[in-house]
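Chain by chain, the residues:
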2 protein chains.
Amino acid sequence: MKQRLAAVRLVAALSIAAVARAQDTLPSWNDTAPKKAIIDFVERVTKEGSPDFVKPEGRIATFDNDGTLWVEQPIYTQVTFAIDEVVVMAPQHPEWSEREPFKSILAHDRAAMLKFSIQDFEKVVAVTHSGMTVEQFREIVRKWLAEAKHPRFKRLYTECVYQPMIELMQYLRNSGFKTYIVTGGGQEFVRAFAGPTYGVPLEQVVGSMGKVKYTYGKDGEPELIKLPEVLLIDDKTGKPEGINMVIGRRPQAAFGNSTGDQQMLEYAGAGDGARLMMLVHHDDAEREYAYGANSKIGTFSDALMAEAKQKGWIVISMKDDWKTIFPPASTKQ
Amino acid sequence: MKQRLAAVRLVAALSIAAVARAQDTLPSWNDTAPKKAIIDFVERVTKEGSPDFVKPEGRIATFDNDGTLWVEQPIYTQVTFAIDEVVVMAPQHPEWSEREPFKSILAHDRAAMLKFSIQDFEKVVAVTHSGMTVEQFREIVRKWLAEAKHPRFKRLYTECVYQPMIELMQYLRNSGFKTYIVTGGGQEFVRAFAGPTYGVPLEQVVGSMGKVKYTYGKDGEPELIKLPEVLLIDDKTGKPEGINMVIGRRPQAAFGNSTGDQQMLEYAGAGDGARLMMLVHHDDAEREYAYGANSKIGTFSDALMAEAKQKGWIVISMKDDWKTIFPPASTKQ
């Protein structure tokens, strides 16, 4: 009897420990449905002998970046970067003071910038994102990210990341998943910070791609030069297409926040076995932003919400499901 | 004294063990310069504290496929596959019996086929490599590879792989390297067999890429359909360009056998620290083939040989440096 009691106590202690471990795993998540769904999914796919068991090589999880891993309001970070770069490059381009869209940027004419067309942005991206080596470009991005701060949160953009999502990526990696970023943003832009910021290595960043050209520098050294031509727009249907180019297999889990992620979630969800598809819903104006169907940036359309409900995709309420939004401020603030 | 002797004996025994381990690692390699260079390179980059130490995440090794990992003579395996597929598909295409290049293929006119232009081959690849889902295509390739045999060696193409290179890939993986295939062949063609044949997962195959299109099948299921448009020719300058798209970092080691690999080796070699660049030279007509500067397939030009010497790239003589060429025949023979 004494022995049996001890065993019961041991089992109880172990169960409490397991719960505590799971709690520790996602400390910034409230104990609401999304957290439970994540832990349930991970336990099903990692438990050998379970009908939903997935071998480690099949454990692929893909994450959108803007609005899913970091703040995308009031304007995509990469667009802010491009605008800042135009200002930096302007002294070498006196003709820009009379030529749009550069003229409006240099005049800090926010009203004009808000009306920029896709073609205007393409011109800005072309001059700021090409004509240098891949490594030089990443270095420019790193230097900008080390200084530039978000206008509202007054912290580095790399600190405007969502702590619950960082914990989720880490939890998945600890469970044998390879975590990929699949972003509509530039592949090289995101590669510049994905390692230190998200723990995602260069080869696990899928993004919109420009062409690169192999050539030789002035001392005959091989160089990869970024060209202003687009190879892939890694958004909407481009996301599963980009996933196939770089990964070559269907993700077991996919995370997004907008209509740009719809096809990636559909593609992940159409596979066999246990699947996890989640959408971050920005409904927290106080701690971050509240936007959805009517936002130009990060549109979460009513149709997407309906599809999520119909297909069992889990909508994360930032307000209700996340205990904290951002990691602690660094000493750099 | 006795203690010292024991210590000396122990050290001697350990050294012998280390040598034996290295021997075991690459049993199909003769004890010539290439094997020594491989072991020396691996020891330098994996030894913590060594000036050439490379952190695990930087340990990337890239391998060409045709002529480097498997036989490419008398004709690229993928071309044989495409020709066989034309024959399989012909009943659904009665018009082919009167239309080149299909007419010559269906008439088994080898002389005409040898004169095919690039455009002819493009037509053959277009009809045999597009119009189906990525998964369907891989399945077609797998079924073909399960049956088709090499005309000279009378064994499956996946058994016409070079045993010393298989051992080298395994040795590098055991030493913390990620091994990638970087092939001029089709990315999806090679993905169909790279796992079981080379131990290389889908996401570590870089190859020539066709466009894919995300769409919905008849039951509304998401599909990635292969299109007949080319996105990347992963050969020559396309190899470092493809490496940047999929891997995003410079390989620490690169292995090839022809002018198609020149730029990949240059790119790898131009990085800092210890680097290993090797070229397989086909000089063994008896056990495999002997070809080089004058071969249309797998051209190893005099200029490439000169560059290899000048830059310290190691040329592997199949005849002198490899004990065996192929793995033991399977019971399927």
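Residues numbered from 1 in each chain as written. Chains lettered and ligands numbered in written order. Predicted model: local features only at pLDDT ≥ 70, side-chain atom pairs only at ≥ 80, totals over all residues. Heavy atoms only, no water.

## Things to note about the overall build of chain A
The cut-off we apply is this: Helix and strand definitions here come from DSSP, where helices need a minimum of 4 consecutive H or I residues and strands a minimum of 2 consecutive E residues; each element is numbered from the N-terminal end. For every residue, the accessible area obtained with a 1.4 Å probe (protein chains only) is divided by the maximum for its type, and the residue is called buried under 20%, exposed over 50%, and partly exposed between those limits. In what follows, residue pairs with any heavy atoms lying within 4.5 Å of each other are defined as contacts.
Counting its regular elements, chain A contains 13 helices and 7 strands. Dimensions of chain A along its principal axes, counting C-alpha atoms only, are 90 × 45 × 40 Å. Out of the 333 residues in chain A, the part that is buried amounts to 54%. Long-range pairs, those at least 24 residues apart, make up 66% of the contacts in chain A between residues at least 6 apart in sequence.

## Remarks on the side chain of A:Ser301
When you line up the elements, A:Ser301 lands in the loop between strand S6 (276-281) and helix H12 (302-311). Contacts of A:Ser301, omitting those with residues within four sequence positions, involve A:Thr259 and A:Ala293.

## Regarding the packing of aromatic side chains
Rules: Each pair of aromatic rings taken from Phe, Tyr and Trp, with Trp reduced to its six-membered ring, is defined by centres within 6.5 Å and is described as stacked if the planes are under 30 degrees apart, edge-to-face if over 60, and tilted in the remaining cases.
For the structure on display, the rule yields 34 aromatic pairs over all chains. Ring geometry for B:Trp29 and B:Trp322: centres 5.9 Å apart, planes at 75°, overall edge-to-face. Taken together, the positions of B:Trp29 in the loop between helix H1 (2-25) and helix H2 (33-46) and B:Trp322 in the segment after helix H13 (318-321) put the pair 293 residues apart, joining distant regions of the chain. With respect to class, B:Trp29 is no different from B:Trp322; both count as buried. With centroids separated by 6.0 Å and ring planes inclined at 85°, the aromatic side chains of B:Phe81 and B:Phe137 adopt a geometry described as edge-to-face. Highlighted residues: B:Phe81 in helix H3 (residues 77-89) and B:Phe137 in helix H7 (residues 134-145), separated in sequence by 56 residues. Here the two residues B:Phe81 and B:Phe137 agree in accessibility, since each one is buried. Among the aromatic residues, those joined into a cluster by ring pairs are A:Trp70, A:Phe81, A:Phe137, A:Trp144, A:Tyr157, A:Phe189, A:Phe193 and A:Tyr198.

## Comments concerning the interface of chain B and chain A
How big an interface is tends to be stated in terms of accessible area lost as the parts join. To be explicit about the condition: Two parts placed together each lose some accessible area; with a 1.4 Å probe, that loss summed over both constitutes the buried area. Each salt bridge in this description consists of a side-chain nitrogen of Lys or Arg and a carboxyl oxygen of Asp or Glu lying within 4 Å of one another. Polar contacts here mean pairs of N or O atoms no more than 3.5 Å apart (in protein, one a potential hydrogen donor and the other a potential acceptor; neighbouring residues in sequence count only if both atoms are side-chain atoms). Under this grouping Gly is polar, as are all residues other than the nonpolar Ala, Val, Leu, Ile, Met, Phe, Trp, Tyr, Cys and Pro and the charged Asp, Glu, Lys and Arg.
Every contact between the two is made by 34 residues of chain B and, on the other side, 34 residues of chain A. Regarding the contact of chain B and chain A, the summed buried area is about 2800 Å², with carbon and sulfur atoms giving 53% of it. When the buried surface of chain B facing chain A is broken down by residue, B:Glu203, B:Tyr214 and B:Met245 rank first, second and third, together holding 23% of it. For B:Glu203, the salt bridge goes to A:Lys178, with nearest N and O atoms at 2.8 Å. For the pair chain B and chain A, the number of links is 22 residue pairs in polar contact (both at pLDDT 80 or more). Per-class residue counts for the side of chain B that touches chain A are 18 nonpolar, 7 polar and 9 charged.

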